[in-house]
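# Structural characterization, general
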Number of protein chains: 2
Amino acid sequence: MTKHPDLDDFRVPYFDDGKKRNHFSLDHFDPKAKPFSSGSKDADRARLSEVGLLLDNLQERLHAQRKRRVLLVLQGMDTSGKDGTIRAVFHEVDPLGLRIVPFKAPTPVELAHDFLWRVHSQAPAAGELTIFNRSHYEDLLVPTVQGELDADAFQQRCCHIRQFEQLLAYSGATILKCMLHISKDEQRVRLQERIDDPLKHWKFDVSDLEARKQWDAYQNAYRDALAATSTEYAPWYVIPADSKTHRNVMVAELLLRTLNELKLEYPPAKESLKGVKVE
Amino acid sequence: MTKHPDLDDFRVPYFDDGKKRNHFSLDHFDPKAKPFSSGSKDADRARLSEVGLLLDNLQERLHAQRKRRVLLVLQGMDTSGKDGTIRAVFHEVDPLGLRIVPFKAPTPVELAHDFLWRVHSQAPAAGELTIFNRSHYEDLLVPTVQGELDADAFQQRCCHIRQFEQLLAYSGATILKCMLHISKDEQRVRLQERIDDPLKHWKFDVSDLEARKQWDAYQNAYRDALAATSTEYAPWYVIPADSKTHRNVMVAELLLRTLNELKLEYPPAKESLKGVKVE
């Protein structure tokens, strides 16, 4: 077993931890780093399978108990691997136990409501493990980069988000937020692959190239969003994600730790069933 | 390769095929039969993995093309293995590509609407593979057995269902309905297992025993429901399901055939991407 660094070294300082938070920068995290890798890809994959089976069992307990709720939020630039993470981390988990919610650009009906309206209706119910593939954070990032949200409006939205996530957390939800952190170079390689392979064209939209041109603006918006919304009840983690295997292992380890901390148990046996014979 | 019998031998005669339909009986299908088994459990499991990978690729094409929609309806008595089928058949399929909709006893809000209201809102969108874990057929079966739906009202609901499924099918949906057919003996064994294992008590409800007492009434309701709603655009198949491995293989083969018939292809390459270099 390789000695792992502390997952908490990758946690964004909490919002109320003023000084530390002010010094938070994505530059402190190397997208190429593989701190949770054993050094061997085969060993990493074996570990991922192992954690996957544990997650499967924990999910069944979560479901059986029907008390806790778990929300995993995945964010990251285009090609950062949100889809790939879901596929790899949850390969062993019963699909019946997952609810994956993709958030696309808001529709006219959704835009006619406050920005958390469509998100709230998708919050996990008791016993559910819900994954947001993109999320309400898009409504911070995109309008900021497009110049439609000034600094005050940005902080106002962050405040709404903290309060919203507090409501979910105080109502029994465990919230875990992961930013899949890739380098600009790695994105270039991955976008080029999609362009060069006609079978991958359907994954590609020219707007991806426009967003890439605003790389720095997005990175800054991410930094500000993470710093303003990482809280004790809904922490953000930065996941070095240039290596896909590392990214998968780290997200899996984080989720495993989080679910283990919930001390999920099967509900107690029903005394009334003792000795019952089915006819 | 074992020679398989014809999947269509397990299809319930179409509604408009009057004479054949009138002779339809679940007794013609032995729940213990394993027509799609090779005779070796290992070989069957290997085949299931193989089909799983093919289904994964077909699902990606379905998603990439965003044209067709696929709906798999799973019905069956308690313990017939609806959950287990989903888990086994879709183990290799990307969880991002599945939407699994469980239908429980209707809530007061749902009961305040027509019985297809809650179902329609869950119909598959373009590019989606949706699985109904129980379905609108519960609204035929349960009230019939409980004496709340007389023969005329039953046929009226069947007519609504045929028209509803026709709407979905004519709008691009491929509908496949599987009745997991177990024997009364096998159900006894499986219910007893749940009772005898305290870790499985959460899966057990005393109402399961009440439903079991009405086994024959349910079988008759199933027979009438299947005969009245098996159509060319939404056929029913009876899946011998006393053997879990056989059940999984047969549902997988059926889905594979159905998806293959759709001739799903990746969308054509985008000419505009030719030679584009990412900067």
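Residues numbered from 1 in each chain as written. Chains lettered and ligands numbered in written order. Predicted model: local features only at pLDDT ≥ 70, side-chain atom pairs only at ≥ 80, totals over all residues. Heavy atoms only, no water.

Our working definition: UniProt positions are given in the numbering used here, feature names are shortened, and annotations may be inferred rather than shown by experiment.
Chain A is annotated in an unreviewed UniProt entry as PPK2 family polyphosphate:nucleotide phosphotransferase of Paraburkholderia atlantica. According to UniProt, the comment filed for chain A under the heading Sequence similarities (unreviewed entry) is "Belongs to the polyphosphate kinase 2 (PPK2) family. Class I subfamily."

## Comments concerning the interface of chain B and chain A
The test is simple: Whether two residues are in contact is decided by their heavy atoms, any of which lying within 4.5 Å being enough. Buried area counts how much accessible surface, traced with a 1.4 Å probe, disappears from two parts once they are put together, with both parts' losses summed. Any Lys or Arg side-chain nitrogen found within 4 Å of a carboxyl oxygen on Asp or Glu counts as a salt bridge. Identification of polar contacts relies on pairs of N or O atoms within 3.5 Å, with a donor-acceptor requirement for protein atoms, meaning one able to donate a hydrogen and the other able to accept it, and with residues adjacent in sequence counted only if both atoms are side-chain atoms. Strands here are runs of E lasting at least two residues and helices are runs of H or I lasting at least four, both read from the DSSP assignment and numbered beginning at the N terminus.
The interface is formed by 38 residues belonging to chain B together with 38 residues belonging to chain A. Summing both partners gives a buried area of about 3600 Å² for chain B against chain A, and 65% of it is carried by carbon and sulfur. Counting the surface chain B buries against chain A, the share from its top three residues, B:Arg87, B:Trp202 and B:Val278, is 20%. Residue A:Asp56 is joined to B:Arg87 by a salt bridge in which the shortest nitrogen-to-oxygen separation is 2.6 Å. On the surface where chain B and chain A come into contact, there are 15 residue pairs in polar contact (both at pLDDT 80 or more). Looking at the side of chain B that touches chain A, the elements with two or more residues in it are α2 (41-65), α3 (82-89), β2 (98-102), α8 (184-196) and α9 (206-213) of chain B.

## What about the packing of helix α6 (residues 138-145) of chain A against helix α7 (residues 151-170) of chain A?
Residue and element names in this part refer to chain A. Applicable threshold: Only the stretch in contact is used when a helix axis is fitted, and all axes are lines through C-alpha atoms; the angle between N-to-C directions ranges over 0 to 180 degrees. Orientation categories follow fixed angle ranges, with anything under 35 degrees roughly parallel, anything over 145 roughly antiparallel, 65 to 115 roughly perpendicular, and all other angles oblique. Amino acids outside the nonpolar list (Ala, Val, Leu, Ile, Met, Phe, Trp, Tyr, Cys, Pro) and the charged list (Asp, Glu, Lys, Arg) are all regarded as polar, and Gly is one of them.
At a closest axis distance of 10 Å, the pairing of α6 and α7 adopts a crossing angle of 175°. Classified by the angle their axes make, α6 and α7 are roughly antiparallel. Touching Asp 139, Leu 140, Pro 143 and Thr 144 of α6 are Phe 154, Arg 157, Cys 158 and Ile 161, all from α7. In the contact of α6 with α7, the residues fall into five nonpolar, one polar and two charged.

## Some points on helix α10 (residues 215-229) of chain A
At 3.6 residues per turn, the α-helix brings residues three or four places apart onto the same side. Convention followed: Working rule for helices: expected span equals 1.5 Å times residues minus one. When accessible area is computed with a 1.4 Å probe and restricted to protein chains, residues below 20% of their type maximum are described as buried, those above 50% as exposed, and intermediate ones as partly exposed.
For α10(A), with 15 residues, the first-to-last C-alpha span of 21 Å sits near the 21 Å given by 1.5 Å per residue. Within α10(A), burial applies to A:Trp215, A:Tyr218, A:Gln219, A:Ala221, A:Tyr222, A:Ala225, A:Leu226, A:Ala227, A:Ala228 and A:Thr229.

## Topic: the pairing of strand β3 (residues 129-133) of chain B
Residues and elements named next belong to chain B. Formally: Strands qualify as paired when DSSP identifies two bridges or more between them.
The element β3 is largely enclosed, with a buried count of five among its five residues. In β3, alternate side chains face the same way, and those of Leu 129, Ile 131 and Asn 133 on one face and Thr 130 and Phe 132 on the other are all buried. By the bridge criterion, five bridges tie β2 to β3 in an arrangement that is parallel. In the strand pairing of β3, Leu 98 is matched with Leu 129.

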